[in-house]
Amino acid sequence: MEKNLTTGGVFKTVVYFSLPYLLSYFLQTLYGMADLFIIGQFNGVDSTTAVSIGSQIMHMLTVMIVGLAMGATVMIGRAIGARNHNQASLAIGNTITLFMALSVIFTVVLLIAVNSIVAIMSTPDEAISETVSYLTICFAGIPFITTYNIISSIFRGMGDSKSPMYFIAIACASNIALDYLFIGIFQLGAAGAALGTTLSQTISVIVSLVIIMRRKIGVSLSLEDLKPQKDTMGNLLKVGVPVALQDGFIQIAFIVIIVIANKRGLNDAAAVGIVEKIISILFLVPSSMLSTVSALSAQNIGADKHDRARKTLQYATFIAVSFGTISAIIMQFAAEPAVGLFTNDAKVVLLGGQYMSGYVWDCIFAGVHFSFSGYFCAYGLSGISFIHNLISIICVRIPLTYLASQYFTDTLFPMGIASPAGSALSVIICISVFVWMNKHPNKLIHSL
């Protein structure tokens, strides 16, 4: 499973490593997409709204878990790059201990708070009961979501981005089949979508654990490695917590936008929910670049190859910007047809097309600051990513969204522009920090 990422052509390494990442993210996104698509074929706008709101909350929790797991990917990657297998084993063991404890806490707290969460979301009255059912079932499956992401972070830190792709492919196929069973045949509505998602994740975890037990992963793991170590836990949290908070705030900003849309009525709520799912597909490339840069740069930093880490950032940024530009141009013509795949309601399609036409430009700017965030994380400077995202959310995204909702009541296009405007500010901050880092290399913290 272990793979050395510190040699060979940088561009080729970025592409080969990021493709499985990209496919993994795509398959994981299909979870919510499949739920939303299938529920739209068998149920009305109320059920569609319930799934779109519920899945957005679950997406927020998932990306926060993934962000927290970034600490494990970086720690393991730097240990592998330095050829320190004992440190890698300790990082893996402490990651398992930390995440298992957190999964239990999250599950209990969220199950208790489910009704309050639905109320905070300003869920339309018609969709409240189904949203509660959807979230209750999904919250119960958090330990399996956490376990999958632990496994993925370990594999990726060791240079293997393919195995997590296979695991999520199994989950995705299972989810689609179970959705048709529970939603189409058993007519369980939003609860059926949640059951399909939770059970498919469980299947994926079981399969991945069986495979791990039957093959060598490149490092040994003992009970001693599972015991919490202050320095190791501290380093895992030092990188992971800022990334988790950063991702959490980004998702909170999205949820605030959804709440604002919910207050405008059921059609606006459904339109925004559908577009968020579509845009999540387009954001797969920026997200995969963040993870790719962090994993590859971590190994190269561990091997003291800092020039190679910078080249990784440059190529990842080029790939992300190129993809974002093409996507933005295409969506100016294909926004309404894309929304129409998820609903037959003409009003929802019109509103969704307006929202997408503005929102899609964020793919360009997000591609840049996501790549920089991965680079900062590899150096243990994930706090920078947290800060620039917090500033853009507080100063731009949320204020512009609110103002657009108040002054442009007949269209969602201005609300869509708020996100790329916020990301543009993040790009300015990231580039400024990067320039400073290059001018003051001796002040960089090269070890966690």
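Since the model is a prediction, treat every value here as computed from it, not as a measurement.

(A) Spatial organisation of the packing of aromatic side chains. The tally for this structure, following the rule as stated, stands at twelve aromatic pairs. Ring plane angle 65 degrees and centroid distance 5.3 Å describe the contact between Y375 and Y379, whose orientation is recorded as edge-to-face. The same class applies to Y375 and to Y379, which are both buried. Through successive ring pairs, a cluster of aromatic residues spans F372, Y375, F376, Y379 and F434.

(B) Region of interest: a nonpolar patch on the surface. Among the surface-exposed residues, I329, F333, W361, F413 and I417 lie close enough to one another that they form a single nonpolar patch of about 500 Å² accessible area. Given the relative accessible area of 32%, W361 is considered partly exposed.

(C) Molecular detail of the nonpolar core. Counting 112 residues, the largest nonpolar core has Y134, L135, F139 and Y375 as its most contacted members. Ranked by residues supplied to this core, first place goes to helix α2 (residues 45-81) with 17 residues. With near-sequence residues (within four places) excluded, Y375 lies in contact with V293, S297, A309, R310, L313, F434 and M437. Membership of the second largest hydrophobic core comes to ten residues, among which are Y148, F155, M165 and C172.

(D) Local environment of the packing of helix α15 (residues 382-407) against helix α16 (residues 413-439). Two elements in contact, α15 and α16, have axes whose closest approach is 8 Å; the angle formed by their N-to-C orientations is 155 degrees. When the interaxial angle is binned, α15 and α16 end up roughly antiparallel. Taken as a pair, α15 and α16 cross one another with a handedness that is right-handed. Mapping the contact onto sequence places I384, H388, N389, I391, S392, V396, R397, L400, T401, A404 and S405 in α15 and P414, M415, A418, S419, A421, G422, S423, L425, S426, I429, C430 and V433 in α16. Tallied by class, the residues present in the contact of α15 with α16 amount to 13 nonpolar, nine polar and one charged.

(E) Representation of the pattern of salt bridges in the model. One pass over the structure, following the stated rule, counts three salt bridges. Measuring nitrogen to oxygen at the nearest pair gives 3.0 Å for the salt bridge that ties D268 to R264. Looking at D268, the relative accessible area reads 10%, which means it is buried. Residue R264 is classed as partly exposed on the basis of its relative accessible area of 22%.

(F) Structural context of the packing of α2 against helix α3 (residues 85-120). Between α2 and α3, the shortest axis-to-axis distance is 10 Å and the interhelical angle comes to 170 degrees. Accordingly, the angle class assigned to the pair α2 and α3 is roughly antiparallel. Touching I57, L61, I65, L68, A69, A72, M75, I76, A79 and I80 of α2 are H85, Q87, A88, A91, I92, T95, F99, L102, L110 and I117, all from α3. Partitioned by chemical class, the residues of the contact of α2 with α3 number 17 nonpolar, three polar and no charged.

(G) A look at helix α6 (residues 162-185). For α6, spanning 24 residues, the distance from its first C-alpha to its last is 34 Å, which sits close to the expected 34 Å at 1.5 Å a residue. Residue Q187 follows α6 closely and has a positive phi angle near 55 degrees.

(H) How the structure looks around the environment of L110. Along the chain, L110 falls in helix α3. By relative accessible area, L110 is classed as buried at 13%. A C-alpha to C-alpha distance of 42 Å links L110 and V435, two positions 325 residues apart in sequence. Setting aside chain neighbours within four positions, we find L110 in contact with L61, I117, F139 and I142.

(I) Broad picture of the environment of F386. Tracing the backbone through its elements, the reader meets F386 in helix α15. Taking the C-alpha atoms as reference points, F386 and D247, 139 residues apart in sequence, are found 8.1 Å from one another. In contact with F386, not counting residues within four places along its chain, are P242, L245, Q246 and F249.

(J) View of unusual backbone geometry. Non-glycine residue Q187 carries a positive phi angle of around 55 degrees. With respect to the helices and strands, the residue Q187 is situated in the loop between α6 and α7 (189-214). Taking relative accessible area as the criterion, Q187 reaches 47% and is therefore assigned partly exposed. If you check the backbone angles, D304 has positive phi at about 65 degrees while not being a glycine. Checked against the element boundaries, D304 lands in the loop between α11 (284-302) and α12 (306-340). Residue D304 is classed as exposed on the basis of its relative accessible area, which comes to 57%.

Parameters at a glance
- Residues numbered from 1 in each chain as written.
- Predicted model: local features only at pLDDT ≥ 70, side-chain atom pairs only at ≥ 80, totals over all residues.
- Heavy atoms only, no water.
- Phe/Tyr/Trp six-rings, centres within 6.5 Å; stacked < 30°, edge-to-face > 60°.
- Buried < 20%, exposed > 50% of the residue type's maximum accessible area, 1.4 Å probe, protein only.
- Patch = residues over 30% accessible without salt bridge, like charges linked within 9 Å, V, L, I, M, F, W, Y side chains within 5 Å.
- Areas by Shrake-Rupley, 256 points an atom, 1.4 Å probe, with all protein chains shown as cover.
- Salt bridge = Lys/Arg side-chain N within 4 Å of Asp/Glu carboxyl O.
- Core = buried A, V, L, I, M, F, W, Y, C linked by side-chain atoms within 4.5 Å.
- Helix = DSSP H or I, 4+ residues; strand = E, 2+ residues; numbered from the N terminus.
- Contact = heavy atoms within 4.5 Å.
- Axes fitted to C-alpha atoms, helices over the stretch in contact; angles between N-to-C directions.
- Parallel < 35°, antiparallel > 145°, perpendicular 65-115°, else oblique.
- Left-handed = near helix turned anticlockwise from the far one by under 90°.
- Nonpolar A, V, L, I, M, F, W, Y, C, P; charged D, E, K, R; others polar.
- Expected span 1.5 Å × (residues − 1).

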